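# Structure at a glance
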Amino acid sequence: QVQLVESGGGLVQPGGSLRLSCAVSGFTFSSYAVSWYRRAPGKERELVAWISAGDSAKYGDSVKGRFTISRDNAKNTIYLQMNNCKPEDTAVYYCNAGVDVGGDYYSFDSWGQGTQVSVSS
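So, here's what we can say about the structure. (Residues numbered from 1 in each chain as written. Predicted model: local features only at pLDDT ≥ 70, side-chain atom pairs only at ≥ 80, totals over all residues. Heavy atoms only, no water.)

Looking now at the nonpolar core. Within the largest apolar cluster, 27 residues are counted, with the highest numbers of intra-cluster contacts made by Leu20, Trp36, Val48, Ile78, Leu80, Met82 and Tyr93. Elements supplying a minimum of two residues to this core: β3 (18-25), β4 (33-39), β5 (46-51), β7 (67-72), β8 (77-82), β9 (91-101) and β11 (115-119). With residues up to four places along the chain from it excluded, the contact list for leucine 80 reads Leu18, Arg19, Leu20, Trp36, Val48, Phe67, Thr68, Ile69 and Tyr93. (Core = buried A, V, L, I, M, F, W, Y, C linked by side-chain atoms within 4.5 Å. Buried < 20%, exposed > 50% of the residue type's maximum accessible area, 1.4 Å probe, protein only. Helix = DSSP H or I, 4+ residues; strand = E, 2+ residues; numbered from the N terminus. Contact = heavy atoms within 4.5 Å.)

Right, here's the structure in full:
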């Protein structure tokens, strides 16, 4: 059974940084692509960033140049380094596993509880 446990959220001031972590279990972590999504109040869930099994990363336009996704296969953990945070980054952040098909990410329908990130002064 796939389990994903997010942590590291909190309150950060605009321009500040935060690092999210996601501990994964229940499947062969190193063989799959993994990702971070977010859902802001009143909005659809948005793919923030994903990283392939081969360590190739892609980002949504709204976070490109500010966020960095990484993975540690030895620890079965995904990270999201969030720099220069903006109020519009406020959301619940979720990690996810999926597959890379021709450079596009397809998610498995398995989600953690999420971690709240609030960007405010």
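From this point, the discussion proceeds with the structure in view.
Strand order in the open sheet formed by 4 strands is β1-β3-β8-β7, and the pairing between neighbours is antiparallel. Among the strands making up the open sheet, the edge pair consists of β1 (3-7) and β7. Strand-to-strand, the axes of this sheet are offset by a mean angle of 15°, without reference to chain direction. Looking at chain direction, β7 and β8 are connected through 6 bridges and run antiparallel. Residue pairing in the sheet places aspartate 72 in a bridge with threonine 77 of β8. (Pairing = 2+ DSSP bridges. Axes fitted to C-alpha atoms, helices over the stretch in contact; angles between N-to-C directions.)

As a further point, take the state of the cysteines. Applying the stated criterion across every chain yields a total of 1 disulfide. There is a disulfide in this structure between cysteine 22 and cysteine 95, and the S-S distance comes to 1.9 Å. With the S-S bond torsion at 50°, the cross-link from cysteine 22 to cysteine 95 turns out right-handed. On the criterion of sequence distance, the pair formed by cysteine 22 in strand β3 and cysteine 95 in strand β9 is long-range, its members being 73 residues apart. For cysteine 22, a relative accessible area of 0% corresponds to the buried category. Residue class for cysteine 95 comes out buried when judged on its relative accessible area of 0%. (Disulfide = S-S within 2.5 Å.)

Only one face of β11 is buried, namely the one carrying Thr115, Val117 and Val119, since none of Gln116 and Ser118 on the opposite face is buried. Note: strand β2 (residues 10-12) against β11, 3 bridges, orientation parallel. Residue pairing across strands places glycine 10 opposite valine 117, the latter belonging to β11. As judged from the 3 bridges shared by β9 and β11, these two strands associate in the antiparallel manner. Pairing of tyrosine 93 across the sheet is with threonine 115, part of β11.

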